[in-house]
Amino acid sequence: MNSFSRGVLFAISSLVIPAGAVQAQSVPVIPAPMKAEASTGAFRIGKSVVIRHDRASASEAQLLGGLLKTRLGVTPKMTSGNGSLKANSISLKVDATLALKDGGYRMTIGPDGILITGKDTAGVFYAMQSLIQLAPPAGDARWAMPDGAAVSSVRIDDEPTFGWRGIQLDVGRWFLPVEDIKKLLDWMAFHKLNVFHWHLTEDQGWRFESKKYPKLTEIGAWRASSPPYGNRNASDGKKHGGFYTQQQCRDVVAFAAKRHITVVPEIEIPGHSSAAIASYPYLGNDDIPGFAPTVMNQWGVQSNVLAPKEETFKYIEDVLDEVCKVFPSKFIHIGGDEAPKTQWKKSPFAQGVMKREGLKDEEELQSYIIKRVEGMLTKRGRRLIGWDEIREGGLSPNATVQAWRGEQGGIDTAREGKDVVMSPTSHMYFDYYQADPKSELAKGPEFECIGGFLPLEQVYSYYPLPTVLNAQEQKKILGLEGQIWGEYVKSYEKAMYLGFPRAAAMAETGWSPKSRKNYADFTERLAKVNEHYKAAGLKVGPLK
Ligand code: ACM
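Criteria and thresholds
Residues numbered from 1 in each chain as written. Predicted model: local features only at pLDDT ≥ 70, side-chain atom pairs only at ≥ 80, totals over all residues. Heavy atoms only, no water. Pairing = 2+ DSSP bridges. Helix = DSSP H or I, 4+ residues; strand = E, 2+ residues; numbered from the N terminus. Axes fitted to C-alpha atoms, helices over the stretch in contact; angles between N-to-C directions. Contact = heavy atoms within 4.5 Å. Expected span 1.5 Å × (residues − 1). Buried < 20%, exposed > 50% of the residue type's maximum accessible area, 1.4 Å probe, protein only. Salt bridge = Lys/Arg side-chain N within 4 Å of Asp/Glu carboxyl O. Parallel < 35°, antiparallel > 145°, perpendicular 65-115°, else oblique. Left-handed = near helix turned anticlockwise from the far one by under 90°. Nonpolar A, V, L, I, M, F, W, Y, C, P; charged D, E, K, R; others polar. Lys, Arg positive; Asp, Glu negative; His and termini not counted.

### Considerations on the sheet that holds strand β2 (residues 50–53)
Sheet strands pair by backbone hydrogen bonding; their relative direction is either parallel or antiparallel.
Part 1: What the seven strands build is an open sheet, ordered β1-β7-β5-β6-β4-β2-β3; its pairing is mixed. In the strand order of this sheet, the two ends are held by β1 (35–45) and β3 (77–80), each with one partner. Within the sheet, the average angular offset between the axes of one strand and its neighbour, ignoring direction, is 20 degrees.
Part 2: Sheet strands touched by helix α3 (residues 121–134): β1, β4 (89–94), β5 (105–110), β6 (113–118) and β7 (149–158). Its angle to β5, the strand with the most contacts, is close to 35 degrees.

### Considering helix α8 (residues 310–326)
Part 1: The end-to-end C-alpha separation of α8 is 25 Å, in line with the 24 Å expected for 17 residues at 1.5 Å each.
Part 2: Buried within α8 are the following residues: Thr 312, Phe 313, Tyr 315, Ile 316, Asp 318, Val 319, Leu 320, Glu 322, Val 323, Cys 324 and Val 326.

### With respect to the pattern of salt bridges
Part 1: Using the criterion set out here, one finds 34 salt bridges in the structure.
Part 2: The closest approach of N and O atoms between Arg 155 and Asp 157, which form a salt bridge, is 3.5 Å.
Part 3: For Arg 155, a relative accessible area of 34% gives the class partly exposed.
Part 4: Between Lys 211 and Glu 209 there is a salt bridge, and its shortest N-O distance comes to 3.7 Å.

### Description of unusual backbone geometry
Part 1: Cis geometry is adopted by the peptide bond preceding Pro 270, which originates at Ile 269 and carries an omega value of -10 degrees.
Part 2: Mapped onto the fold, Pro 270 is located in the loop between β14 (262–266) and α7 (274–279).
Part 3: The linkage connecting Phe 500 with the following residue, Pro 501, adopts the cis geometry, with an omega of 5 degrees.
Part 4: Counting through the fold element by element, Pro 501 comes out in the loop between α17 (492–499) and α18 (502–511).
Part 5: For Asn 88, which is not glycine, the phi torsion reads 55 degrees and is therefore positive.

### A word on the packing of helix α4 (residues 178–190) against helix α6 (residues 246–258)
Part 1: Contact geometry for α4 and α6: axes closest at 10 Å, N-to-C directions at 15 degrees. Here α6 runs roughly parallel to α4, going by the angle between their axes. Considering the relative orientation of α4 and α6, their crossing is right-handed. Contacts between α4 and α6 involve Val 178, Ile 181, Lys 182, Leu 185 and Asp 186 on the former and, on the latter, Gln 248, Asp 251, Val 252, Phe 255 and Ala 256.
Part 2: Grouping the constituent residues of the contact of α4 with α6 by class yields six nonpolar, one polar and three charged.

### Comments concerning the side chain of Glu 473
Part 1: Along the polypeptide, Glu 473 turns up in helix α16 (residues 471–474).
Part 2: The buried charged residue Glu 473 lacks any salt bridge partner; its closest oppositely charged side chain belongs to Arg 415, at an N-O distance of 4.2 Å.
Part 3: In this structure, Glu 473 is in contact with Ala 414, Arg 415 and Val 468, ignoring residues within four places of it in sequence.

### Here we look at the pairing of β4
Part 1: Two strands pair when backbone bridges link them, and β2 and β4 are joined in this way by four bridges, in the parallel orientation. By the bridge assignment for β4, Val 50 is matched with Ser 89.
Part 2: As judged from the five bridges shared by β4 and β6, these two strands associate in the parallel manner. Across the sheet, residue Ile 90 finds its bridge partner in β6, namely Ile 114.

### A short note on the environment of Lys 238
Part 1: By secondary structure assignment, the location of Lys 238 is in the loop between β12 (222–223) and β13 (240–241).
Part 2: When the C-alpha positions of Lys 238 and Ala 42 are compared, they lie 56 Å apart, and in sequence the two are 196 residues distant.

This is the structure we're talking about:
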């Protein structure tokens, strides 16, 4: 079909298919592929299937082998191949000349075999995720049939829309072990998400091992008590904590990289720093009356903020140096949100710094700190990203802003020609209730959420390009990111219940062309994708 006739067909189908109706062609993949043309017949993946791969796709072939082993009970044979269609084979190859964006792929499934061509290795990987979603779920009886499980014939051309398709997980409030992080990464990969924003430090716990500042984890990783589910003002009286060694962080980075996910670590500066200041009190505003920092055992915004001392800047630089050595990501998140100015107002030392530097208010003092931190990252070839409060008092020169208090901080930043990630609370805060709070809480106190109400359809409805921006400004929007804040997330199970399927809805916005977005069609596909969640024992949130 030439592009003209395809254009006509699209025009006709958009006339005859009422808005919101299910498109007949839709294949049960989330995020929806850019283009999928189903045809007759099927390929059967059985125990004798062969994975053929070019040199570039060796790691992807290994991962596909692992996924198929879970389903078939045996690891398929692997062999080198040039990416041509071969009987009883799944062939993988990279072709950088493919006329698709980075991360794009073409996959042809037919009775004679499966051919996957990625624009790059990420493209090969994303094709595999589509293939796994099209195949029966793990544990399905069809995998045990003599000639294996059938996957219907289809040709898919696919590519991502946005480059930043992220999930933030807050392990500062409740520590989750590495095995849980890896399981989450696998489910992110399943929906072609590619940024894992790891919120590693909080008032209630510091989770990153520093060799230079060991008290950060000896003291800062532990708190005496926590609010139990069901009563946020009470105390459970139980010690809680944990941290990741640098080796474990490197392991997570490598695991994520194989899945084409970048790990962006977050080290909160200057607020949300009670655990750091409790570990090393000299980092705080120790010249104010009643200064007595502890690792916090209640939620909420805390007043402890780092003091603008040269010793503190030395500490920040040392810690970021360790962070940069462990995390290769271009972006390092430095927090910057919710830093109350009360301590700086009271601190003669902080006031003296403001006078010395000619800073007119405490917002400018925060901006002064962030600018110095940006210098530390720039020196190491990295880029600073922070929450939208880093705009207050003046945005540092090359900062990227993550907008969370609505979109305005992102809009203003894009207008200044700087990069933006969109995470407005109204659509991207997955720690909000996804169903009526009364019905959720009726299921048990462990269903408690921080508040708010963010049903699946509202997540799905979000589009991160504000129409008030012109085309040039819209290019500054890197993408979007869902937030799994941790106060009410004590377990992997809760993280997944809150995170999915809302992450799937967000993934479709992040990946699929806007023209492919259709909520009714999404929920139809989700019902099928849910079979994969169920097969893995995952209990996700409401499917509509
Ligand atoms: C935030 O929710 N404080 C970024």
